[in-house]
Amino acid sequence: MDLQQNTKLLASQQKILTKIALGEPLHETLASICLAIESLIGDDNAKCSILKLIDNLLYSMAGPSIPDSYSHLINGIKIGPAVGSCGTAAFLGKRVLVEDIPHSPLWEEFKSIAEQYDFKACWSTPIISTKSEVLGTFAIYYSDPKVASKKNLELIDYFVHLSSIAIEKSNDALQMQKLVKDLKVTNQNLNAFIKVIPDPAIIITKEGLYLNVYAASENLLSDPIHELVGKNIKDILSESDALMVLDKINKTLETNEIHVFEYTLTIRSETLIFEGRSIKINYNNDDHVLWVIRDITSRKNRENEVKKLVYYDSLTSLPNRRLLNDRIEQCVAKVQQEDTISALLFLDIDNFKRINDSLGHAAGDQLLIQSAKRLTAVLGKVNTLARIGGDEFVILVDTIGADLQQAEQNVIQLVKKVQSIFNDKFDIGKLAFQISASIGIYLIDKEHANADNTLKFADTAMYRTKFKGGNGYSFFDPKQQTLLEIKTELESEIVRAIENDEFCAYFQPQVDVHGKVSGAEALIRWNHPSKGLVPPYQFIPLAEQFGLIQKLQNIVLHDICKLLNQLAIAPSVSPSYRIAINMSQNQFNSPTLKDELISIIDQYKVPASLIKLEITESMLSNDLPYTVQQMHELKNVGFTFSIDDFGTGYSCLSTLHAYPVDELKIDKSFIDNISNLETGLPIVETIINLAKNLNISVMAEGVETKQQFDILKEKKSDGIQGYLIAKPMSATDYINWHQRMSLH
């Protein structure tokens, strides 16, 4: 560096350090740094940019020579292993020199942007704090391919250091401003608290003598403050209360612990309940007690009201589970004594959770209140209508008939009356909903009069209605109860198995028509300690029913990420390699799906683009706008989509183009029949042609013979999966298989 350039460098340094010292706005200081290095580097094509890292996102802070539109495009970009020069440099924490952008894999996703702004080279250096944390990146763009020289890199490092100083000082200043603001608010709150605190405080000796009194108001004191000082507690409280308080004072002095006690006192002709709190303090160089007084009269009154309402639901004012259980016991006793028949109806609103999740709990509460009012109107006061939680209502009828035949006829008539309340729509705000309910019926006769099981059996009958599709009723079936108990036992087994890491993913390879490995499908397996490998069909439906499917699919996704990281070092893995995971209906409908998926893959630093989400065709037939929105949100972060078992569902082909689908998966049932030229082959050809016309790839699953493979190859299927290639295998076996295949 010649003398003139060195002088220029020192002048720039002095100017920038002055800006930092004076606390000028950060973006102005960083802009000066950019202009200084552009001037010193001696190349008119050089354009500098400084980005700040906040929560793994890069934000443009300065780039006076960079087009604003480009800065806007990259603003808020998430860092990663292949996110241009800056995103990669911030992710790796080390310099990234891209000397030829059009041929750089790091710029694969951003080449069109670079081409638009004529950027051919970009050198990016992370800005590191004194605590070795990445604060952002410093980048220089060129309109021609450019090799970085040692001189240029030294100059960059010099200004990167100045950028680090500026950003750290700005961060410190912001933190200090926040601390000062927080302290100011705290002091204001403390002063307000001191002014309005309603509790008088009294310093009292062990003999009960009042030494001092502090109170914002004298309303809770029997005498004015100036008259209390010097009096003894025996002169103010009743004898029993005074002895109790003195006992607490002595225990406080002896144990040095806080003591809490209650007492009553008549002040200005009103009997009040007080809570006293005592703590040992040093006052005037002697041990005394600080006694704080709180009026708890209103609280005690409220507690009494709560005790009165303990048997009723706070939302609907209907009897709750506790009162219902009492009335069931009374009803059972009556059945046993009078040999009559009673009935218990368990009612659950269909799809209530969907309304609650989409519109919020306030809307759900309004729906429950309206339902309770309608039910009360048709049932009258003779029967017990209770709400036992959520969207569950129970109807108890003391006497429904003299014999079972009459009881069944009468209870069906009652059920029809109950179902009639759902004929009219429910108005919630500006929206109207048509809902239905599933009802379970248990008839209580003398032979089966058991208070402990009545509610459980009616609940079982209700779930039988749910299983049949809802919007109906079912009578209790003992066989159904036995099956439910078996399912409950298996549910407990699944929960235990999840805790003991007995579930894992198996992987079935996928290849293209040339036999090259293109990916795999991850499938859940249960390695039971005594039963061995449990087939998925035995536990997947139960896991979905009991809300455990999300945990199982999270296990699969963890195993996928582990496998991808193991395969990442293998040169045989193609850029188009993907691993597929099946999505359940419940999981896909979850509003937290995207956050949960990203949370897991971020743990392993696995790009979302390596994960293929398989959804069933039937999932596309529900709520088109929501489904499309959910898919686009996941596509935007990199996930791809495959429609599993295509051709077996009821999706509307006219709307298939609306979904951002990357792959159609031909169901095995069609592959099994592919050699039939009249019925089987035309279906497969139709699916392949449909996919090609929509620019969607095709995967054929269940391929078991060479003939099937050859036909699919001829018809230009993109992928093959099935026993002909390989059976599902553990991660270890899959890696060994993958390595063997890469050698051929």
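Up top is the structure.
The rules behind each value
- Residues numbered from 1 in each chain as written.
- Predicted model: local features only at pLDDT ≥ 70, side-chain atom pairs only at ≥ 80, totals over all residues.
- Heavy atoms only, no water.
- Helix = DSSP H or I, 4+ residues; strand = E, 2+ residues; numbered from the N terminus.
- Contact = heavy atoms within 4.5 Å.
- Salt bridge = Lys/Arg side-chain N within 4 Å of Asp/Glu carboxyl O.
- Buried < 20%, exposed > 50% of the residue type's maximum accessible area, 1.4 Å probe, protein only.
- Core = buried A, V, L, I, M, F, W, Y, C linked by side-chain atoms within 4.5 Å.
- 1 Å grid on protein atoms, 1.4 Å probe; cavity = no way out; pocket = protein on both sides within 12 Å on 5 of 7 lines; lining within 4 Å.
- Points joined across faces, edges and corners; volume = space filled by probe spheres on them.
- Nonpolar A, V, L, I, M, F, W, Y, C, P; charged D, E, K, R; others polar.
- Axes fitted to C-alpha atoms, helices over the stretch in contact; angles between N-to-C directions.
- Parallel < 35°, antiparallel > 145°, perpendicular 65-115°, else oblique.
- Left-handed = near helix turned anticlockwise from the far one by under 90°.

1. Focus on the environment of Lys 466
Okay, so step 1: Take Lys 466: it is sitting in helix H14 (residues 451-467).
Okay, so step 2: Taking the C-alpha atoms as reference points, Lys 466 and Asp 350, 116 residues apart in sequence, are found 8.1 Å from one another.
Okay, so step 3: Excluding residues within four positions of it along the chain, Lys 466 makes contact with Asp 348, Ile 349, Asp 350, Asn 351 and Ser 438.

2. A few points about the pattern of salt bridges
Pairs may arise between side chains of opposite charge once their charged atoms sit close together.
Okay, so step 1: Under the defined criterion, the tally for this structure stands at 27 salt bridges.
Okay, so step 2: Across the pair Lys 111 and Glu 108 runs a salt bridge, and its minimum N-O distance is 3.4 Å.
Okay, so step 3: When its relative accessible area of 24% is taken as the criterion, Lys 111 is described as partly exposed.
Okay, so step 4: The shortest N-O distance in the salt bridge between Glu 663 and Lys 612 comes to 2.9 Å.

3. Observations regarding the nonpolar core
Okay, so step 1: Residues Phe 503, Phe 507, Ile 560, Ile 611, Leu 613 and Tyr 734 are the most contacted members of the largest nonpolar core, which totals 77 residues.
Okay, so step 2: A total of ten residues in this core trace back to one element, the largest contributor, which is helix H17 (residues 549-567).
Okay, so step 3: Setting aside anything within four residues of it in sequence, one finds Phe 507 in contact with Ala 520, Glu 521, Ala 522, Asp 559, Ile 560, Leu 563, Ile 579, Lys 727, Pro 728, Met 729, Ala 731 and Tyr 734.
Okay, so step 4: By size, the runner-up hydrophobic cluster in this structure holds 34 residues, among which are Ala 343, Val 418, Ile 439 and Leu 443.

4. Observations regarding the environment of Asp 452
Okay, so step 1: Its place among the elements puts Asp 452 in helix H14.
Okay, so step 2: Considering only alpha carbons, one finds Asp 452 and Leu 681, 229 residues apart in sequence, at a separation of 59 Å.

5. Examining the layout of surface pockets
Okay, so step 1: Its volume calculated, the second largest pocket comes out at about 1600 Å³.
Okay, so step 2: What lines the second largest pocket is a set of 37 residues, and nearest its centre among them are Pro 81, Ala 82, Pro 607, Ala 608 and Ser 609.
Okay, so step 3: Counting only elements with at least two residues in the lining of the second largest pocket, the list comes to strand S3 (77-78), H17 and helix H19 (593-603).
Okay, so step 4: Classifying every residue of the lining of the second largest pocket gives 23 nonpolar, eight polar and six charged.

6. As for the packing of H19 against helix H20 (residues 624-636)
Each pair of packed helices gets described by two things: the angle between the helix axes and the distance between those axes.
Okay, so step 1: At a minimum axis distance of 10 Å, the contact between H19 and H20 shows a crossing angle of 20°. In terms of orientation, H19 lies roughly parallel with respect to H20. Considering how the two elements wind past one another, H19 and H20 form a crossing that is right-handed. Listed contacts from H20 to Leu 593, Lys 594 and Leu 597 of H19 are Gln 630, Glu 633 and Leu 634.
Okay, so step 2: Residue classes in the contact of H19 with H20 are distributed as three nonpolar, one polar and two charged.

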